[in-house]
Amino acid sequence: MANGLSINKEEFLRLPINKQNLILFENTEELKTMVKGYKFELWTHRAAITILFLVAGVGKYFGII
């Protein structure tokens, strides 16, 4: 049971309610962290692409490229 993410349904249902709730909470928090990381990575990629297009556009406008 690595981080509670690799547990099958039968194992989960055999656990006491408190442990089930704990696993659900930990998984929810881990997913929130993963989504925040993905959103930050997506933002940095979009910023980099925007900067590249701006540099290419300015270079093309001034005849450098």
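See the structure above.
Residues numbered from 1 in each chain as written. Predicted model: local features only at pLDDT ≥ 70, side-chain atom pairs only at ≥ 80, totals over all residues. Heavy atoms only, no water.

Now for a nonpolar patch on the surface. Side chains of Val-58, Tyr-61, Phe-62, Ile-64 and Ile-65 sit close together on the surface and give an oily, nonpolar patch of about 650 Å² of accessible area. For Tyr-61, the position within the fold is in helix α2 (residues 17-61). (Patch = residues over 30% accessible without salt bridge, like charges linked within 9 Å, V, L, I, M, F, W, Y side chains within 5 Å. Areas by Shrake-Rupley, 256 points an atom, 1.4 Å probe, with all protein chains shown as cover. Salt bridge = Lys/Arg side-chain N within 4 Å of Asp/Glu carboxyl O. Helix = DSSP H or I, 4+ residues; strand = E, 2+ residues; numbered from the N terminus.)

Tallying each qualifying case throughout the model produces two aromatic pairs. Measuring from ring centre to ring centre gives 5.1 Å for Tyr-61 and Phe-62, while their planes differ by 80°; the resulting arrangement is edge-to-face. Comparing Tyr-61 with Phe-62 shows no difference in burial state: the two are exposed. (Phe/Tyr/Trp six-rings, centres within 6.5 Å; stacked < 30°, edge-to-face > 60°. Buried < 20%, exposed > 50% of the residue type's maximum accessible area, 1.4 Å probe, protein only.)

Following the sequence through the fold, Ile-64 ends up in the segment after α2. Taking the C-alpha atoms as reference points, Ile-64 and Leu-22, 42 residues apart in sequence, are found 60 Å from one another.

Glancing now at the pattern of salt bridges. Here the structure, examined in full by the defined rule, presents one salt bridge. We note a salt bridge from Glu-29 to Lys-32, for which the minimum N-O separation is 3.3 Å. Remark: Lys-32 and Glu-29 occur in helix α2; sequence separation between them is three residues, near one turn of the helix. Using a relative accessible area of 33% as the deciding quantity, one classes Glu-29 as partly exposed.

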